Amino acid sequence: MSASEAVAQAANGSITVIDVREHGELAGSGKAQGAIHIPLMRLRDMADPRHPDFVIDLKECGTIAVYCASGARSHNAEMLLRQMGYDDVHNIGGLAHWVQAGGAVERV
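**Here we look at the overall build of the protein chain**
Here comes step 1: Within the protein chain one finds 5 helices and 6 strands.
Here comes step 2: In the protein chain, the order of α-helices and β-strands from amino to carboxyl end is α-β-α-β-β-α-β-α-β-α-β.
Here comes step 3: For 108 residues, the compact-globule formula gives about 13 Å, and the C-alpha radius of gyration of the protein chain, at 12 Å, lands near that figure.
Here comes step 4: A burial count over the protein chain gives 45% of its 108 residues as buried.
Here comes step 5: Of the contacts made within the protein chain by residues no fewer than 6 positions apart, 61% connect residues no fewer than 24 positions apart.
Here comes step 6: By element, 50% of the accessible surface of the protein chain is carried by carbon and sulfur atoms, the whole surface being about 5,600 Å².
Here comes step 7: Each charge class in the protein chain can be summarised by its mean position, and for the 9 positive and 13 negative side chains these summaries are 4 Å apart.

Here is the structure:
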């Protein structure tokens, strides 16, 4: 899936977007509008329905798009989510790819 496809699907609510960057990165650049922030180091816990820190928005999500700064951490996030049983997961690269595709950014 391309960043353009993710932006289009986010606009109609048919995709869950996850930002896996660290808190400081979000403070500096914001995040994709509507994205859930789950730092990569917390993803295993926060995406596990059995964990107390589970992000409830992931309970019945279908398609997931993950991004970071460049695409490297989001690649790891995609692989981790697939190992955890999330089937429809896509690495769309970095926040800059989202912006180049016309995606809005919100400040946090």
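Back to the text.
**With respect to the pattern of salt bridges**
Here comes step 1: All told, the structure shown has 7 salt bridges when counted by the stated rule.
Here comes step 2: Note that Arg50 is salt-bridged to Asp48, the shortest N-O span being 3.0 Å.
Here comes step 3: On the basis of relative accessible area, Arg50 is assigned to the exposed category, the value being 74%.
Here comes step 4: Judged by relative accessible area, which is 15%, Asp48 ranks as buried.
Here comes step 5: One network of salt bridges, in which partners are shared, links Arg42, Asp45 and Asp53.

**A few points about helix α4 (residues 72–83)**
Here comes step 1: If you check α4, its first and last C-alpha atoms are 17 Å apart, about what 12 residues at 1.5 Å a residue would give, namely 16 Å.
Here comes step 2: For α4, the set of buried residues is Ser74, Ala77, Glu78, Leu80 and Leu81.
Here comes step 3: On its buried face, α4 sits against β1 (15–19), α3 (43–46), β4 (63–68) and β5 (89–94).
Here comes step 4: Of the residues one or two after α4, Gly85 is the one with positive phi, at around 105 degrees.

**Quick word on the side chain of Lys31**
Here comes step 1: Considering the arrangement of structural elements, one finds Lys31 in strand β2 (residues 31–32).
Here comes step 2: On the basis of relative accessibility, which here comes to 9%, the residue Lys31 falls in the buried class.
Here comes step 3: Looking at Lys31, its side chain comes within polar contact range of the main-chain oxygen of Ala35, at 2.4 Å.
Here comes step 4: The contacts of Lys31, once residues within four sequence positions are left out, are Asp19, Arg21, Leu26, Tyr67, Leu95, Ala104, Val105, Glu106 and Val108.

**Section: the pairing of β5**
Here comes step 1: Of all 6 residues that make up β5, 5 are buried, and the element is covered over most of its length.
Here comes step 2: Bridging between β4 and β5 involves 4 bridges; their strand directions are parallel. Its bridge partner lying in β5, Ile64 is registered against Val89.
Here comes step 3: One crossover worth recording links β4 to the parallel β5 by way of α4, and it is right-handed.

**Focus on the sheet that holds β4**
Here comes step 1: Strands sit in the order β3-β1-β4-β5 across an open sheet of 4 strands; the sheet is parallel. The sheet terminates laterally at β3 (36–37) and β5, the two strands that pair on one side only.
Here comes step 2: Here β1 runs beside β4; their pairing, made up of 5 bridges, is parallel. Across the sheet, the residue bridging to Thr16 is Ile64, located in β4.
Here comes step 3: Strand contacts of helix α1 (residues 3–11): β1, β4 and β5, with the helix running at about 120 degrees to β1, the strand carrying the most contacts.

Rules of the game
- Residues numbered from 1 in each chain as written.
- Predicted model: local features only at pLDDT ≥ 70, side-chain atom pairs only at ≥ 80, totals over all residues.
- Heavy atoms only, no water.
- Helix = DSSP H or I, 4+ residues; strand = E, 2+ residues; numbered from the N terminus.
- Rg over C-alpha atoms; globule rule 2.2 N^0.38 Å.
- Buried < 20%, exposed > 50% of the residue type's maximum accessible area, 1.4 Å probe, protein only.
- Contact = heavy atoms within 4.5 Å.
- Areas by Shrake-Rupley, 256 points an atom, 1.4 Å probe, with all protein chains shown as cover.
- Lys, Arg positive; Asp, Glu negative; His and termini not counted.
- Charge placed at Lys NZ, Arg CZ, Asp CG, Glu CD.
- Salt bridge = Lys/Arg side-chain N within 4 Å of Asp/Glu carboxyl O.
- Expected span 1.5 Å × (residues − 1).
- Polar contact = N/O pair within 3.5 Å; in protein donor to acceptor, adjacent residues only side chain to side chain.
- Pairing = 2+ DSSP bridges.
- Right-handed = clockwise from strand over helix to strand, strands pointing away.
- Axes fitted to C-alpha atoms, helices over the stretch in contact; angles between N-to-C directions.

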